[in-house]
Each structure stands twice: as structure tokens, then as C-alpha cells.
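These are the residues of each chain, in order.
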There are 2 protein chains.
Amino acid sequence: MLADALSTKEKLMRAAVEIVAEDGFAAATTAAIAARAGVAEGTLYRHFAGKDELMIAAYRQLKSDIFAASTDTYDESAPFEARLAHLWRAVIDAYRRDRAGFRFGQRFGESALSAKEGGAAHEAMTGALTRLRDDARARGEVKDLPMELFIALFYAPAIALLKRELSGREWTDAELAKAAQAIWHSWRA
Amino acid sequence: MLADALSTKEKLMRAAVEIVAEDGFAAATTAAIAARAGVAEGTLYRHFAGKDELMIAAYRQLKSDIFAASTDTYDESAPFEARLAHLWRAVIDAYRRDRAGFRFGQRFGESALSAKEGGAAHEAMTGALTRLRDDARARGEVKDLPMELFIALFYAPAIALLKRELSGREWTDAELAKAAQAIWHSWRA
DNA sequence: GTCTATATTTGGATAGAC
DNA sequence: GTCTATCCAAATATAGAC
């Protein structure tokens, strides 16, 4: 059962996130969610129009948390490679702080519900990445590629590494630093 | 309704793949699958022990199709960058030939069923990639990284690009060639 | 706002005729 | 092997008391 410090609404969202993370969407019935939140099933409908709305609300909440956690300020006057490494590691760390949330996000993204919700989970950080690319481009230090491709080269391996961590593999700081460097090499002109 | 050339068993698997691809796992009820396959619901149970087994069988089928399609022979004496580019493009093309299958695979991979099934979808091609890494490593042309990291740098962007194609973006041959080159740069020492 | 009890629907699976 | 008809369990959602 979830901590009393949370509001009932928050407890319900957190319960949904954890059940989906552990056992998938099929296991996240209204009965299971209410039970884990420690409230009655009927109570769910006082806070959300239905199960889908609860899931979507939980996803939005998660997205904004990750956004807040991964966009700390950093030194924009540092060398480009260091800027990329900082941002990349910040993303890894933000997701690492809430692995259930990460897993929920992955599953939600592949569910039919995500169509209702709209964009990918990454829009938030795209701004910082675009600035980095533009700055580096002005100096001729990065390739001439569509921004979408830079984004894919940046995020996709991060997500893949985080997924591996869900099944046991733990990446060391040194390995992550090398990975960030490899990604910079993929960007570099 | 699916073509008569397929066996009933194949029609059921294909129907499941298409429904999951279009509308997600929640929409893939036994009734919906049977209807799309053009058979009665009860018939499903003459071919599969239950819905989960049908889904798992469909996934295994898909995996072996992709394996067959993406491991054509190629010139192992070519330069390393060309070998990587060839393999990378082969993966893209294999998935492009069956987009519904690709989408099903992504969704299946995030479902709770995938735990029963076991490994990731990529094991198949890992052999060719490992050989490439080892050959290039012997000449000092690639970084010193865990194989898992090479795999992530290779596959993750390919999957990300394919996902974008599901929502409309079409990558040109030139863009894909540049992407393959960027990935080689991430591998390169 | 929350609980208990319940209505309603739908889903997975089986039985038995053909 | 396939169909029709049906059972049973489970899931979403609501009603009404506290």
C-alpha cells in the first residue's frame, strides 16, 4: 500500500504506474489499482472519468517530472562534446531515479492509449539539444543531418541502455561516459 | 478478411498481428481475431491452447521471418564501414517489408507476454555483428566497448527511425546512408 | 469523499452437432 | 476441422448509504 503522504489521486496514479511497470497493462485492472492504492474501487471514479483517463493523467505527470529532473541548468559555454555528455547523462539519471516510471512510460508509449495522448516523451528536452546542434553547426563541428536524426542518435541508445538495466545489467560511470563519447562521434562532422 | 492461400493457423496469426498493429493489444480479443481471420471463435482453440499461445506463436514466426530476411549473405571482405552499412540497411529493409509486423513486434516486446517468450528480437543478427566487431577490433579500427553497447548503438537508432516512419516520415536512401555512416563513427576507434 | 454492493458488458474458453 | 451456442469469470462502471 502507498504512503499516506500522497493524496488519493496521487496514490491511484502511482499504483497504476507500478502495476503496469511490474505486470503490464493487462494486469492493471481498476480492482488491482484501487487495492494497491488502498482505496475502494468506486473511489477511482470520483477522481477520474475512467481507467483510460487515469492512465493518461499518470503519463502526463511522469513526463513533466522527467522534464523537471533532466533539464537542470548546465554550462552552455563548455565544449560541445562536454555539453552533449552532460545532457545525455542527465537523461539517464532522470530515468534511473524512477525505474517503474520509466517502464510504465515505455509500455504506455506502445499502447493504443498513447495515440490519444499525442507526442513522444522526449519533446521536453528537444530544445536544449537543438540549441546544442545549432551552436556546433555554426562552427562546423557537427554533420549536416535532419534534427530528427540527431535526436534518434542521442536518445535511442540511452533508452536501450536503460532497458538493459531493467533486466539486470548495470552500466558503470565509465561505460556511460564512453557511450556518450560514441554518440558525440556519431554527431561530429 | 485474409487470403484463402494461408492455412487457418496462419490466418489466425496474421489477423492477430494486424489487429495488434492497428489498435493495440486490448483490441485483439479472440472474437476480433477470429472475425478478421474469417473463422469461428471456437476454431481458434483447435489450433492454439489459448490467446497467449497464439500471440507468442505469431511473434516467433515474425522473428524467424525477419531473421531470414535480414541475413542475406554479403561480402565479408569489404571494408568495415561498408559491412556495417550493409547490415544496418538490411535490418531497415527487412522491417520495412512488414510494417504491421514491426509494430506488432514493438508492442509485443513491451507486453507482459514477452517475459514468457524470452530474448529480445535481435539475437538473430548478433552473430554477424559480433564477427564484424571482432574483425575490426583486430585491426584496431573500433573502440574498446562491451559488445552490448555496440549492439545498442547499431540497433536503437534503426528502430527509432522505423518508428518515425510509422507516423509518416519517410527516410530517403541518402539519409539512411548518412545515418549508417554516423553509426560507424560511433563504433570507430 | 469514501465505502459496500451491485448492475452490465465483455472476454476467454468449452460442448457438442455437423 | 469448423461452426453455433453457451458457460463462467472478470472487468468497468454506477448507486446509494455513511
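Before reading further, recall that the structure is shown in the block above.
About the criteria used
Residues numbered from 1 in each chain as written. Chains lettered and ligands numbered in written order. Predicted model: local features only at pLDDT ≥ 70, side-chain atom pairs only at ≥ 80, totals over all residues. Heavy atoms only, no water. Near = heavy atom within 4 Å. Polar contact = N/O pair within 3.5 Å; in protein donor to acceptor, adjacent residues only side chain to side chain. Helix = DSSP H or I, 4+ residues; strand = E, 2+ residues; numbered from the N terminus. Nonpolar A, V, L, I, M, F, W, Y, C, P; charged D, E, K, R; others polar. Contact = heavy atoms within 4.5 Å. Buried area = accessible area lost by both parts, 1.4 Å probe. Salt bridge = Lys/Arg side-chain N within 4 Å of Asp/Glu carboxyl O. Least-squares fit on C-alpha atoms with pLDDT ≥ 70 in both. Phe/Tyr/Trp six-rings, centres within 6.5 Å; stacked < 30°, edge-to-face > 60°. Buried < 20%, exposed > 50% of the residue type's maximum accessible area, 1.4 Å probe, protein only.

Trainee: Give me the lowdown on the protein's contact with DNA strand C, citing residues and values where you can.
Mentor: Near DNA strand C, the surroundings consist of 14 residues, among which A:Ala40, A:Thr43, A:His47, B:Thr30 and B:Lys51 are the closest. Among all atoms of DNA strand C positioned within 4 Å of the protein, those belonging to sugar or phosphate total 66%. Contact between DNA strand C and A:Thr8: a phosphate oxygen at 2.8 Å from a side-chain N or O atom of the residue. Between B:Lys51 and DNA strand C, the recorded distance is 2.7 Å, taken from a side-chain N or O atom to a phosphate oxygen. Of all the secondary-structure elements, those providing two or more residues to the surface near DNA strand C are helix H3 (41-47) of chain A together with helix H3 (41-47) of chain B. The greatest single-element share of the surface near DNA strand C, amounting to four residues, is contributed by H3(B). A breakdown of the residues in the surface near DNA strand C according to their chemical character gives three nonpolar, seven polar and four charged.

Trainee: Give me the lowdown on the protein's contact with DNA strand D, citing residues and values where you can.
Mentor: Lining the immediate surroundings of DNA strand D are 14 residues, of which A:Thr30, B:Ala40, B:Thr43, B:Arg46 and B:His47 lie closest. Within the side chain of B:His47, an N or O atom sits 2.6 Å from a phosphate oxygen of DNA strand D. Of all elements in the fold, only H3 of chain A together with H3 of chain B reach the threshold of two or more residues within the surface near DNA strand D. Counting residues per element, the surface near DNA strand D draws most heavily on H3(A), at four residues.

Trainee: I'd love a proper account of the side chain of A:Arg96, names of residues and values included.
Mentor: With respect to the helices, strands and loops of the structure, A:Arg96 is situated in helix H5 (residues 80-96). For A:Arg96, the contacting residues outside a window of four places in its chain are A:Arg89, A:Leu162, A:Glu165, A:Glu170, A:Trp171 and A:Leu176.

Trainee: Please give an account of the environment of A:Asp72 that cites residues and values.
Mentor: The residue A:Asp72 is located in the loop between helix H4 (51-70) and H5 in this model. Note: C-alpha distance between A:Asp72 and A:Asp135 (63 residues apart in sequence) is 19 Å.

Trainee: Could you give me a rundown of the side chain of B:Lys143, with the residues and numbers involved?
Mentor: Within the secondary structure layout, B:Lys143 lies in the loop between helix H8 (123-138) and helix H9 (147-166). A distance of 2.8 Å separates the side chain of B:Lys143 from the side chain of A:His185, its partner in a polar contact. Not counting chain neighbours up to four residues away, the residues in contact with B:Lys143 comprise A:Ala182, A:His185, B:Arg137, B:Phe150, B:His185, B:Ser186, B:Trp187, B:Arg188 and B:Ala189.

Trainee: Could you give an account of the interface of chain A and chain B, with specific residues and numbers?
Mentor: Each partner contributes residues to the interface: chain A has 30 residues there, and chain B has 30 residues. When chain A packs against chain B, close to 2,500 Å² is buried across both sides, 62% of that on carbon and sulfur atoms. Counting the surface chain A buries against chain B, the share from its top three residues, A:Glu110, A:Glu148 and A:Leu149, is 24%. Counting every contact that joins chain A to chain B gives six salt bridges. A salt bridge links B:Glu110 to A:Lys163, with the nearest nitrogen and oxygen atoms 3.0 Å apart. The tally of links from chain A across to chain B stands at 12 residue pairs in polar contact (both at pLDDT 80 or more). Among the elements of the structure, helix H6 (99-109), helix H9 (147-166) and helix H10 (173-187) of chain A are those that each provide at least two residues to the side of chain A that touches chain B. For the side of chain A that touches chain B, the element with the highest residue contribution is H9(A), accounting for 10 residues.

Trainee: Describe in detail the relation of the copies chain A and chain B, supporting the description with residues and values.
Mentor: For these two chain copies, the linking operation is a rotation about an axis paired with a shift along it. Once turned by 180° and shifted 0.0 Å along the axis, chain A lies on chain B with an RMSD of 0.1 Å. These values place the two chain copies in the arrangement generated by a two-fold rotation axis. The fraction of interface residues of chain A whose copies in chain B are also interface residues reaches 100%, indicating that both copies meet through the same surface.

Trainee: If you had to explain the packing of aromatic side chains to someone new, which residues and values would you point to?
Mentor: Taken as a whole and assessed by the stated rule, the structure comprises 16 aromatic pairs over all chains. Summarising the aromatic geometry, the rings of A:Phe154 and A:Tyr155 are spaced 5.1 Å apart at their centres and angled 80° between planes, so their arrangement reads as edge-to-face. A residue is classified by how much of its surface remains accessible, and A:Tyr155, at 5% relative accessible area, is buried. Aromatic pair B:Phe25 and B:Phe108: ring centres 6.5 Å apart, planes at 45°, arrangement tilted. Remark: B:Phe108 occurs in helix H6 (residues 99-109) and B:Phe25 occurs in the loop between helix H1 (8-23) and helix H2 (30-37); sequence separation between them is 83 residues. We classify B:Phe25 as partly exposed; its relative accessible area is 23%.

Trainee: Go over the environment of B:Leu44 with me, naming the residues and quoting the values.
Mentor: Residues and elements named next belong to chain B. Summarising the element assignment, Leu44 is placed in helix H3. Separated by 10 residues in sequence, Leu44 and Leu54 place their C-alpha atoms 8.5 Å apart. Excluding anything up to four places from it in sequence, Leu44 contacts Leu12, Thr30, Ile33, Gly50 and Leu54.

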